[in-house]
Amino acid sequence: MRKTLAAIVATISAVALTACSGGTPAATGSATGGATEKLKLGIALPAGNQTFWTGWIKGAQAEAAKLNVDLTITDAKNDAQTMNDQVNTLIVSGIKGLAVASVDPTANKPTVQAATDAGIKMITSNRTLDMAYGGVGGANPIVHTGFNDLQMGGFQGDLLIKACEGKDPCRVALQVGTLGATPQVNRSKGLKDKIASHKNIQIVMEETNDFDPVKAADVTATM
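Residues numbered from 1 in each chain as written. Predicted model: local features only at pLDDT ≥ 70, side-chain atom pairs only at ≥ 80, totals over all residues. Heavy atoms only, no water.

A word on the environment of Val143. Within the element layout of this structure, Val143 appears in the loop between β6 (121-125) and β7 (144-145). As for Val143 and Met122, which are separated by 21 residues in sequence, their C-alpha atoms are 8.1 Å apart. (Helix = DSSP H or I, 4+ residues; strand = E, 2+ residues; numbered from the N terminus.)

See below:
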């Protein structure tokens, strides 16, 4: 995760600097003269109170401090419109680079247009947007930094296959993250694709825990 966080902050720093300078990274000038101002970056997160994101925030802030950039992180509290509004506020604040971890891969598409209209380079992180990526030097969103969730789901499927060896039927209860989030969608698909040919494995219950450990404990007890 630490390497991923470093990549996120370093990537938005690099693309923002390139955008500011027309190709050559340079510090922004201070309104008062001599000294230079820190590069301002923004990261829009879906749910800052969740265990994963609280750790993620600390790591991103640590990397921003190493790179000497001014980083603002927002928390949409799992509401897509709130995220869109927060991104607009970040843009008005003067950020030069933006990373978005979408609440909803479709509903948060307006963040791309807002950043593009403001001349801000944008990437996605951990959660993707449902659209084509421009690539380095291309249109927003430029690139994605994060995990291969299809592959992660496949790894979970491998473990499930091993656990179900010699059991027929092997009845399974599946907990998933926030419905509609790209990690939930892709990890579920990766797992189900992997076990599809193993007819002894039967998913008999499937519930969401919203990536919340307290809710996960309750869902487990109910299952």
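Let us keep going from here.
An α-helix turns once every 3.6 residues. As a result, residues three or four positions apart point the same way. The complete set of buried residues in helix α4 (residues 110-117) reads Thr111, Val112, Ala114 and Ala115. Within α4, the buried residues cover an arc of 165° as seen down the axis, which keeps them to one side. Where the residues of α4 are buried, they touch α3 (80-93), β5 (97-100) and β6. Positive backbone phi, at 75°, marks Gly119, one or two positions downstream of α4. (Buried < 20%, exposed > 50% of the residue type's maximum accessible area, 1.4 Å probe, protein only. Arc of directions from axis to C-beta. Contact = heavy atoms within 4.5 Å.)

This next bit is on the packing of α3 against α4. Two numbers describe how α3 lies on α4: the axes approach to 9 Å, and their chain directions differ by 10°. Viewed along their axes, α3 and α4 adopt a mutual orientation that is roughly parallel. On α4, the residues that touch Asn84, Val87, Asn88 and Ile91 of α3 are Pro110, Thr111, Ala114 and Ala115. Each residue belonging to the contact of α3 with α4 can be placed in one class, and the counts come to five nonpolar, three polar and no charged. (Axes fitted to C-alpha atoms, helices over the stretch in contact; angles between N-to-C directions. Parallel < 35°, antiparallel > 145°, perpendicular 65-115°, else oblique. Nonpolar A, V, L, I, M, F, W, Y, C, P; charged D, E, K, R; others polar.)

Once that is clear, we can look at the sheet that holds β6. The strand order β4-β3-β5-β6-β7 describes an open sheet built from five strands, whose pairing is parallel. Only two strands of the sheet have a single partner each, and these edge strands are β4 (70-75) and β7. The pairing of β5 with β6 spans four bridges and is parallel. Note that in β6 the partner of Leu98 across the bridge is Met122. Where α3 meets the sheet, it contacts β3 (40-45), β4 and β5, and its direction lies at approximately 175° from that of β3. (Pairing = 2+ DSSP bridges.)

What follows deals with the packing of helix α5 (residues 149-163) against helix α6 (residues 182-195). In helix packing, the relevant descriptors are the interaxial angle and the interaxial distance, both defined with respect to the helix axes. Interaxial distance between α5 and α6 falls to 7 Å at its minimum, and their mutual angle equals 40°. Considered as vectors, α5 and α6 are oriented oblique to each other. The chirality of how α5 crosses α6 is right-handed. Contact residues: α5 offers Asp149, Leu150, Met152, Gly153, Gly154, Gln156, Gly157, Asp158, Leu160 and Ile161, while α6 offers Pro183, Asn186, Arg187, Lys189, Gly190, Leu191, Lys194 and Ile195. Counted by class, the contact of α5 with α6 contains seven nonpolar, six polar and five charged residues. (Left-handed = near helix turned anticlockwise from the far one by under 90°.)

These results come straight from atomic positions and should not be treated as a statement about function.
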